Amino acid sequence: TPHLGNYLGAIQNWVNLQEECSSVLYSIMDMHSLTMPKEPAVLRQNILDTTAAILACGIDPKKCFLFRQSLVPKHAELAWILGCLTNVPRLLRLPQWKMKRASQNNEGTVGLLTYPVLQAADILLYKSTHVPVGEDQVLHLELAQDIAQHFNKKYGEFFPVPKAILSTTKKIKSLRDPTVKMSKSDPQKLATVNIADSPDEIVLKFRKAVTDFTSEVTYDPASRPGVSNLVSIHAAVTGLSIKEVLHQSAGLDTAHYKMVVAESVIQKFAPIRNEIKKLQEDKSHLIKVLEDGAEKAKELAAPIYQEIRRLVGFQ
Ligand SMILES: Nc1ncnc2c1ncn2[C@@H]1O[C@H](COP(=O)(O)OC(=O)[C@@H](N)Cc2c[nH]c3ccccc23)[C@@H](O)[C@H]1O
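Residues numbered from 1 in each chain as written. Predicted model: local features only at pLDDT ≥ 70, side-chain atom pairs only at ≥ 80, totals over all residues. Heavy atoms only, no water.

## Considerations on the overall build of the protein chain
Helices and strands together make up the secondary structure of the protein chain, namely 13 helices and four strands. Scaling as 2.2 N^0.38, a compact globule of 315 residues should have a C-alpha radius of gyration of about 20 Å, and the protein chain matches this with 21 Å. Considering only C-alpha atoms, the protein chain reaches an extent of 70 × 45 × 40 Å along its principal axes. Counting all 315 residues of the protein chain, 44% fall into the buried class. In the protein chain, once contacts between residues fewer than 6 apart in sequence are set aside, the share between residues at least 24 apart is 71%. Just so you have it, the protein chain exposes about 16,000 Å², and 54% of that area is on carbon and sulfur atoms. Once the 38 positive and 33 negative side-chain charges of the protein chain are each reduced to a mean point, those two points are 4 Å apart. (Helix = DSSP H or I, 4+ residues; strand = E, 2+ residues; numbered from the N terminus. Rg over C-alpha atoms; globule rule 2.2 N^0.38 Å. Buried < 20%, exposed > 50% of the residue type's maximum accessible area, 1.4 Å probe, protein only. Contact = heavy atoms within 4.5 Å. Areas by Shrake-Rupley, 256 points an atom, 1.4 Å probe, with all protein chains shown as cover. Lys, Arg positive; Asp, Glu negative; His and termini not counted. Charge placed at Lys NZ, Arg CZ, Asp CG, Glu CD.)

Structural data, given as structure tokens:
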């Protein structure tokens, strides 16, 4: 299920975008998910849980395309074509490869290495013009832009060069190591707050959050990354500015402040958590949402992919 970073850096904006834009696609990236080893039963459950969470956050399949990536096989087909336009050294330089490969005994898989190419295919298969992402994904989007330009140069102007819509929320950091981003794949259970966590889990994770030896609450990400991360989270979930949050917290020590932030997170996600639980009970509804969305996505992709086949010489 999504974590605080996903919600504050991404999903919150997605809900607004579906209101503002006429053609918006959101996808449960189950093929990307395989890049980190998973038991089949776990993956199956994650797909449904993520869908329930996304719907509970306010994504409305009537206002957007919401679908499961692997139900639209053209993502993989296009990734192959785009992979043939991408240099291996470029992929080897990407920080996510280096980081995640380290967690696989430094023996990353082909899937992990070429994952950003699949991401480019996710975007270009629909001739997308704008991609809402957090700043951690900027390098991947730059790769998609370069691949689009490379394709256009080789085969003639075809893909729009997709632009990032960057979220205003800064990267949310791990609660155990505030120098790295909060991440789904973090092996430390206390590092990542999921939006469906129980109040007790949320309190525990914030209580154990790594800060420093100064008890005052200040915002200085460079020299005090731990407490500054808490301030960022507090501001983002309450909708207040950093200044307002600091003003409210004047006089608190970090131990008390952690509980204030935990409480604000609990408050923010209580209704979403209840809605997730309700949606999880209706598995067939979740499956149908993803299948209906995939049919719509396939229709949108078909003529574009047909043209790509012609351009590269498959037809
Ligand atoms: N700690 C954090 N703080 C703030 N924002 C964060 C944090 N962690 C994640 N995000 C944002 O959440 C979205 C999904 O993140 P993923 O890492 O699953 O997201 C990823 O790993 C992508 N490769 C998924 C993907 C696959 N295909 C695509 C095509 C277009 C856009 C995205 C994709 C992202 O917007 C990300 O910026």
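## Notes on the nonpolar core
Of all hydrophobic cores here, the largest spans 52 residues; its most connected members are L4, F206, I233 and V265. Elements with a minimum of two residues in this core: α1 (4-20), β1 (25-28), α3 (40-56), α9 (199-207), α10 (225-238), α12 (254-280) and α13 (283-312). Top element by residues in this core is α12. It accounts for nine residues. Ignoring sequence-local partners within four residues, the contact set of L4 consists of G9, M182, V193, I195, F206, I233, V237, V265 and F269. Grouped together as the second largest cluster of nonpolar side chains are 38 residues, L82, L91, L118 and Y305 included. (Core = buried A, V, L, I, M, F, W, Y, C linked by side-chain atoms within 4.5 Å.)

## Here's the deal with the environment of P37
Along the polypeptide, P37 turns up in the loop between α2 (30-33) and α3. Taking the relative accessible area as the measure of exposure, P37 reaches 71% and is therefore exposed. Here the alpha-carbon distance between P37 and R207, two residues 170 residues apart in the chain, equals 30 Å.

## As for the pairing of β1
Of the two faces of β1, the one lined by Y26 and I28 is fully buried and the one lined by L25 and S27 carries no buried residue. In terms of strand pairing, β1 meets strand β2 (residues 65-68) through four bridges, oriented parallel. By the bridge assignment for β2, S27 is matched with F67. (Pairing = 2+ DSSP bridges.)

## Overview of the site of the ligand
Near the ligand there are 21 residues, and of these Y115, D122, G134, D136 and I172 occur at the shortest range. Here Q119 contributes a side-chain N or O atom positioned 2.8 Å from a nitrogen atom of the ligand. K184 has a polar side-chain atom sitting 2.9 Å from an oxygen atom of the ligand. Considered on its own, the ligand offers 710 Å² of accessible surface; in the complex 87% of this is hidden by protein. Residue assignment for the shell around the ligand shows that the elements contributing at least two residues are α1, α7 (110-124) and β3 (130-133). (Near = heavy atom within 4 Å. Polar contact = N/O pair within 3.5 Å; in protein donor to acceptor, adjacent residues only side chain to side chain.)

## Considerations on the side chain of S232
Its location among the elements puts S232 in helix α10. Using a relative accessible area of 15% as the deciding quantity, one classes S232 as buried. When sequence neighbours within four positions are dropped, the list of residues in contact with S232 reads Y219 and I242.

## Topic: the packing of α3 against α12
Close contact between α3 and α12 brings their axes to 8 Å; oriented N to C, the two are set at 130°. When the axes of α3 and α12 are compared, the pair comes out oblique. When the axes of α3 and α12 are compared, the crossing they make is right-handed. Residues D49, A52, A53, L55 and A56 of α3 form the contact with α12, whose participating residues are I272, E275, I276, L279 and Q280. Of the residues belonging to the contact of α3 with α12, the class tally is seven nonpolar, one polar and two charged. (Axes fitted to C-alpha atoms, helices over the stretch in contact; angles between N-to-C directions. Parallel < 35°, antiparallel > 145°, perpendicular 65-115°, else oblique. Left-handed = near helix turned anticlockwise from the far one by under 90°. Nonpolar A, V, L, I, M, F, W, Y, C, P; charged D, E, K, R; others polar.)

## A look at the pattern of salt bridges
A complete count under the given rule lists 10 salt bridges for this structure. For D197, the salt bridge is made with K205, and the minimal N-O distance between the two is 2.7 Å. Judged by its relative accessible area of 7%, D197 falls in the buried class. Under the relative-accessibility criterion, K205 is labelled buried at 9%. (Salt bridge = Lys/Arg side-chain N within 4 Å of Asp/Glu carboxyl O.)

## Concerning α7
An α-helix turns once every 3.6 residues. As a result, residues three or four positions apart point the same way. Counted at 1.5 Å a residue, the expected span for α7 with its 15 residues is 21 Å, and the 21 Å between its end C-alpha atoms agrees. For α7, the principal kink sits at P116 and spans about 40°. Three or more residues of α7 are buried, namely L112, L113, Y115, P116, V117, L118, Q119, A120, A121, D122, I123 and L124. (Expected span 1.5 Å × (residues − 1). Bend = angle between axes of the 7 residues up to and from the residue.)

## Concerning unusual backbone geometry
Residues other than glycine seldom take positive phi values, yet N105 does so here, at roughly 50°. By secondary structure assignment, the location of N105 is in the loop between α6 (95-102) and α7. Even without being a glycine, K127 presents a positive backbone phi close to 50°. Note on K127: relative accessible area 30%, which makes it partly exposed.

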